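Notes for the structure review
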Amino acid sequence: FHGIISREQADEILAGVEGAYILRESQRQPGCYTLALRFGNQTLNYRLFYDGKHFVGEKRFESIHDLVTDGLITLYIETKASEYISKMTTNPIYEHIGYATLLREKVSRRLSRTKNESRKVSVTSEENTPVEKITSLVRRAALTQNDNHFNYEKAHNFKVHTFRGPHWCEYCANFMWGLIAQGVRCSDCGLNVHKQCSKYVPNDCQPDLKRIKRVYCCDLTTLVKAHNTQRPMVVDSCIREIEARGLKSEGLYRVSGFTEHIEDVKMAFDRDGDKADISASIYPDINIIAGALKLYFRDLPIPVITYDTYSKFIEAAKISNPDERLEAIHEVLMLLPAAHYETLRYLMIHLKKVTLHEKENFMNAENLGIVFGPTLMRPPEDSTLATLNDMRYQKLIVQILIENEDVLF
């Protein structure tokens, strides 16, 4: 650290020593610090920040020395290989993986076999098999080749990642350089790519069950793709149990079960998946199962009626002409992601069955709309005022969906 000195003085100190660096305090802005770095026969000056770690850009480092080392690697690559970098994504290996044909066939056969046995499908569920060793790239190719009927489109959930040891991008097959944060990794399927390559990866994420730690609070599409099911198993299991023994229960979905018992059901699904036991012998009160189903929908990070479509549904509900309103709702339904649409369709068919027993359970479409409106749709902004203003439209949307499920779906 050289205190307050000018750029010219810093340049004199560093002259002729490639890779050398000093820290100085700015003359123009005292209290602000600059990293002066010698590279390419010139002195480069960067505003230096500290928030517990040192940084000049996105990456944060424990020491200035590590920051400079990573910076020199990046500068060298960008200077000496700029043309190479610009062409990295033009001929990706992503779609060309002929070397994996044999493994694809093995995975496809096993997926077909497990489907026929009505077991959960996961390419990582068996231990001590050659399939365990395949990369996420090969796994994804295998799944596109099988007879999976629930092949919903899903974007990758990329997050900046620091790789230990040499790593290569699974999109362009080129080296991932730097000391830290060399690229991004999909937290759902494990795909490793350059940050710039991530923009070109198609929405074909196939979540790995080993990475999905829970059922509740998990993105809906991620969950169904990880388990290779048409809908979340929570929805299927709860609805199956409710229709078997609870359709005539008075106040179904309106009457609350004991919170601690509902939490028990949640933990059972998180722990055991579709093997969770929610039978009458364990939970005789059907309101506990109904409460667990509602809690699943409330805990979704993206509601069944997504944030992207929320305002369109509200606007459709405000249309006064019933026929035009129904048409507008149908058009917005078509904008929902496939897994969300299928889950909503299945739920509405179920709720229609609930209304057929209104004489016993006292739950008509309007009452169910009051219960499920805020559960299935939430405004994008966490605004109490917006929620209160929209509540009657939320109720109306669900009511219309129930009453017209045969037409809308």
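To start, this report covers the structure provided alongside it. Everything quoted here is computed from the prediction, not taken from an experiment. Per chain, residues are indexed from 1 in the order of the written sequence. Restriction of local features to residues with pLDDT of at least 70 applies here, the model being predicted, together with a cutoff of 80 or more for giving and counting side-chain atom pairs; totals for whole chains, interfaces and linings are based on all residues. Water and hydrogen atoms play no part in the side-chain values, which are based on all heavy atoms of the structure.

**Quick word on the overall build of the protein chain**
Basically, it comes down to this: Only runs of H or I of at least four residues qualify as helices and only runs of E of at least two qualify as strands under DSSP, and these elements are numbered from the N terminus. Any two residues whose heavy atoms approach within 4.5 Å are treated as being in contact.
Looking only at helices and strands, the protein chain has 16 helices and 7 strands in total. Counting contacts in the protein chain only where the partners sit at least 6 residues apart, residues at least 24 apart contribute 61% of the total.

**A few points about the packing of aromatic side chains**
The following threshold applies: Each pair of aromatic rings taken from Phe, Tyr and Trp, with Trp reduced to its six-membered ring, is defined by centres within 6.5 Å and is described as stacked if the planes are under 30 degrees apart, edge-to-face if over 60, and tilted in the remaining cases. Each residue's exposure class comes from its accessible area (1.4 Å probe, protein chains only) as a fraction of the maximum for that residue type: buried when under 20%, exposed when over 50%, partly exposed otherwise. Both a distance and an angle decide whether a charge sits over a ring: NZ of Lys or CZ of Arg must be within 6 Å of the ring centre and within 35 degrees of the ring normal.
Counted by the stated rule, this structure contains 7 aromatic pairs. On the numbers, 5.0 Å between centres and 70 degrees between planes, the contact of tyrosine 253 with phenylalanine 372 is edge-to-face. Here tyrosine 253, found in the loop between α7 (233–245) and α8 (259–272), pairs with phenylalanine 372, found in helix α14 (residues 365–376); they are 119 residues apart in sequence, far enough to count as distant. The exposure classification of tyrosine 253 matches that of phenylalanine 372, with both residues buried. Chaining the aromatic ring pairs together yields one cluster made of Tyr216, Tyr296 and Phe297. Against the face of phenylalanine 55 rests arginine 60, its NZ or CZ located 3.8 Å from the ring centre.

**Brief notes about the pattern of salt bridges**
Applicable threshold: A pairing counts as a salt bridge when a side-chain nitrogen of Lys or Arg comes within 4 Å of a carboxyl oxygen of Asp or Glu.
For the structure on display, the rule yields 16 salt bridges. Here arginine 38 ties to aspartate 11 by a salt bridge, and the two come within 2.8 Å at their closest N and O atoms. Here arginine 38, found in strand β2 (residues 33–39), pairs with aspartate 11, found in helix α1 (residues 7–14); they are 27 residues apart in sequence, far enough to count as distant. Look at arginine 38 and you get buried, because its relative accessible area is 11%. On the accessibility criterion, aspartate 11 (33% relative accessible area) is partly exposed. Residue glutamate 243 pairs with lysine 353 through a salt bridge whose shortest N-O separation is 3.4 Å.

**Examining the sheet that holds strand β5 (residues 158–161)**
This is how it is decided: Whether two strands pair depends on DSSP finding at least two bridges between them.
Ordered by their spatial adjacency, 3 strands build an open sheet running β5-β6-β7, and the pairing between neighbours is antiparallel. Here the strands that pair on one side only, and so sit at the sheet edges, are β5 and β7 (192–193). Relative to strand β6 (residues 183–186), β5 runs antiparallel, the two sharing 4 bridges. The partner of phenylalanine 158 across the bridge, within β6, is cysteine 186.

**Some thoughts on helix α2 (residues 64–80)**
So the rule is basically this: Helix span, as expected, comes to 1.5 Å for every residue beyond the first. Taken from the helix axis, the directions to the C-beta atoms give the arc we talk about.
In this model, α2 (17 residues) spans 24 Å end to end at C-alpha, consistent with the 24 Å of a helix rising 1.5 Å per residue. Looking at α2, one finds that the buried residues are Ile64, Leu67, Val68, Asp70, Thr74 and Leu75. Here the buried residues of α2 occupy an arc of 165 degrees about the axis, which is enough to place them on one side. Along α2, exposed side chains directed more than 90 degrees from the buried face belong to His65 and Lys80.

**Remarks on the nonpolar core**
Keep this limit in mind: Here, the term nonpolar core denotes a set of buried Ala, Val, Leu, Ile, Met, Phe, Trp, Tyr and Cys residues that are joined through side-chain atoms within 4.5 Å. Domain limits in this description derive from either an automatic procedure or a database domain assignment.
Formed by 69 residues in total, the largest nonpolar core has its most connected members in Tyr253, Phe297 and Phe372. Residue contributions to this core peak at 9 residues, all from helix α9 (residues 286–299). Both domain 3 (220–299) and domain 4 (307–407) contribute no fewer than three residues apiece to this core. Each residue touching tyrosine 253, except ones within four places of it in the same chain, is listed here: Ile242, Ala290, Leu293, Lys294, His350, Leu351, Val354, Leu368, Val371 and Phe372. In this structure, Trp177, Leu191, Val201 and Cys205 belong to the second largest nonpolar core, which totals 16 residues.

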